[in-house]
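In case you want the letters, here they are:
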Amino acid sequence: MLARKNNVARLFSPRRLVFTCDALSEHLPPDFVRIRIEFCGICGTDRSFYLGHRNEGYPISLGHEHCGVVVAVGDQAGLYQVGDFVAIDPNYRCGSCYYCQTGAGHLCEKGTSNRYTNRGYAEFVDIGASYLLKLPEYRSRFLGALVEPLSVAINATDLSKCSLAGESALVVGTGGIGTLLVFALLETQDGDIWIHDQAHHKTAALKELYPNRIKILNSAEERTFNVVFEASGSSGGFRHACARLAKLGRLIVVSRYHSDEPTIPDRLPWKQPNIYFVHLNGNGHSFPDAAALLKSRWSPDHDQLLSFHSLGGISEVFSEYDSLPANKKVISMD
């Protein structure tokens, strides 16, 4: 028997998350599926909503790094079946607008269509089948919650055209996205990488995992790099990234700034840099690539980078976000 109620965490105002009990429809739209959510990663964007740095209207449902099992299928939902384990790409692509037709579906003119009932901090979601990717059998199902953020990291590495064997590279900020950037680079290329974060326990965790391939940059060093990934989410991190960029270097901005908008340092144009802003996971090809890379390269040792929290404790996670030791936080629905 299908569930009739859905427990959803909704943000009604800054720092005020309320659990609502929503009725689930007895009839799915023909191209929809119903998913029982199992895990959902916590993104800095979610936290910016929680803190009130972004306001797109209240109440709002948060959480876009989610995975789960299909429990009901509309009669036009393609190849999906009850029991499939899936990840959700939160980016809608219509497939017919100019941007979709030219390989830039992440900029789709209908990208805000939102063909779903709610986001990932919930028990269930009814959602259009086009958002879904069937996942392989992972050793641990929580890996499904890493697919979306890793797809953003892979898109960033693709844009950078970074070759660790021939270039010096730095990642500024080793929270969730920064950590997955390091993972994507080191698990697909030979060579080493530098990292920097004011939270030293995060860089230490990565150094322990890759002792011979990671170098930690302290704030006082004057070293410059051909490629710098900025994933700190702060204007201070952006300035640090600009200062460490070599002449003709490539600055890959992965951060989404919400309350701390940076400005271009006066002397940065003198370096004639190439600056790339990463928007979401690009045209979507990185989504299945991320799922495959997690299957083949994410080991039990990598699990030490994660911490797991209950859905009921989501407010506490947001409030204590900076003091929690893990590089990446994940909500478990169990």
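In what follows, the accompanying structure is described. (Residues numbered from 1 in each chain as written. Predicted model: local features only at pLDDT ≥ 70, side-chain atom pairs only at ≥ 80, totals over all residues. Heavy atoms only, no water.)

1. Topic: the pairing of strand 13 (residues 245–253)
Point 1. Of all nine residues in strand 13, seven are buried, a share of seventy percent or more.
Point 2. As defined by bridge partners, strand 12 (residues 225–230) adjoins strand 13 across five bridges and the pair is classed as parallel. Looking across to strand 13, one finds that Glu-230 is bridged to Val-253.
Point 3. Relative to strand 14 (residues 274–277), strand 13 runs parallel, the two sharing four bridges. By the bridge assignment, Leu-251 is partnered in strand 14 with Ile-275. (Buried < 20%, exposed > 50% of the residue type's maximum accessible area, 1.4 Å probe, protein only. Helix = DSSP H or I, 4+ residues; strand = E, 2+ residues; numbered from the N terminus. Pairing = 2+ DSSP bridges.)

2. Topic: unusual backbone geometry
Point 1. The omega torsion of the bond from Tyr-58 to Pro-59 falls at -5°, within 30 degrees of zero and hence cis.
Point 2. Tracing the chain through its elements places Pro-59 in the loop between helix 1 (44–51) and strand 4 (60–61).
Point 3. The backbone phi angle of Arg-15 is positive, close to 65°, even though this residue is not glycine.
Point 4. By the element assignment, Arg-15 lies in the loop between strand 1 (5–13) and strand 2 (16–23).
Point 5. Its identity as a non-glycine residue notwithstanding, Leu-248 has a phi of 65°, on the positive side.

3. Considering the pattern of salt bridges
Point 1. All told, the structure shown has 14 salt bridges when counted by the stated rule.
Point 2. Note that Arg-54 is salt-bridged to Glu-56, the shortest N-O span being 2.6 Å.
Point 3. Linking Asp-303 and Arg-139 is a salt bridge whose minimum nitrogen-to-oxygen distance equals 2.8 Å. Of this pair, Asp-303 sits in the loop between helix 7 (286–297) and strand 15 (306–310) while Arg-139 sits in the loop between strand 8 (132–134) and helix 3 (147–160); the two residues are 164 residues apart in sequence, bridging distant segments of the chain.
Point 4. For Arg-139, a relative accessible area of 41% corresponds to the partly exposed category. (Salt bridge = Lys/Arg side-chain N within 4 Å of Asp/Glu carboxyl O.)

4. A few points about the sheet that holds strand 11 (residues 214–216)
Point 1. With respect to topology, six strands assemble into an open sheet ordered 11-10-9-12-13-14, the strand pairing being parallel. The open sheet is flanked by strand 11 and strand 14, the only strands paired with a single partner. For this sheet the average axis-to-axis angle between neighbouring strands, irrespective of direction, equals 20°.
Point 2. Those strands touched by helix 3 are strand 12 and strand 13, and its axis lies near 155° from that of strand 12.
Point 3. Along the sheet face, helix 6 (residues 235–243) touches strand 9 (169–172), strand 10 (193–196), strand 12 and strand 13 and points at about 150° away from the line of strand 13. (Axes fitted to C-alpha atoms, helices over the stretch in contact; angles between N-to-C directions. Contact = heavy atoms within 4.5 Å.)

5. Concerning the sheet that holds strand 4
Point 1. Strand order across the open sheet formed by three strands is 2-1-4, with antiparallel pairing between neighbours. The outermost strands of the open sheet, each flanked by one partner alone, are strand 2 and strand 4.
Point 2. Strand direction decides the pairing type here: strand 1 and strand 4, joined by two bridges, are antiparallel. Its bridge partner lying in strand 4, Arg-10 is registered against Ser-61.

6. Things to note about the environment of Val-147
Point 1. By secondary structure assignment, the location of Val-147 is in helix 3.
Point 2. Considered as a pair, Val-147 and Leu-294 are 147 residues apart in the sequence and their alpha carbons are 7.6 Å apart.
Point 3. Non-local contacts of Val-147, meaning those with residues more than four positions away in its chain, are made with Ala-87, Leu-135, Tyr-138, Phe-287, Ala-290, Ala-291 and Leu-294.

7. Observations regarding the nonpolar core
Point 1. Judged by nonpolar contacts, the single largest core of 50 residues is most densely connected at Val-147, Leu-150, Ile-193 and Trp-298.
Point 2. Contributing elements (two or more residues each) for this core: strand 6 (85–88), helix 3, strand 9, helix 4 (176–188), strand 10, helix 5 (200–209), strand 12 and helix 7.
Point 3. Discounting residues that sit within four places of it in the chain, Trp-298 has contacts with Arg-139, Leu-143, Leu-146, Leu-180, Phe-183, Leu-293, Asp-303, Leu-305 and Leu-306.
Point 4. Counting residues in each nonpolar core, the second largest holds 18 residues, with Leu-11, Phe-49, Leu-62 and Ile-314 among its members. (Core = buried A, V, L, I, M, F, W, Y, C linked by side-chain atoms within 4.5 Å.)

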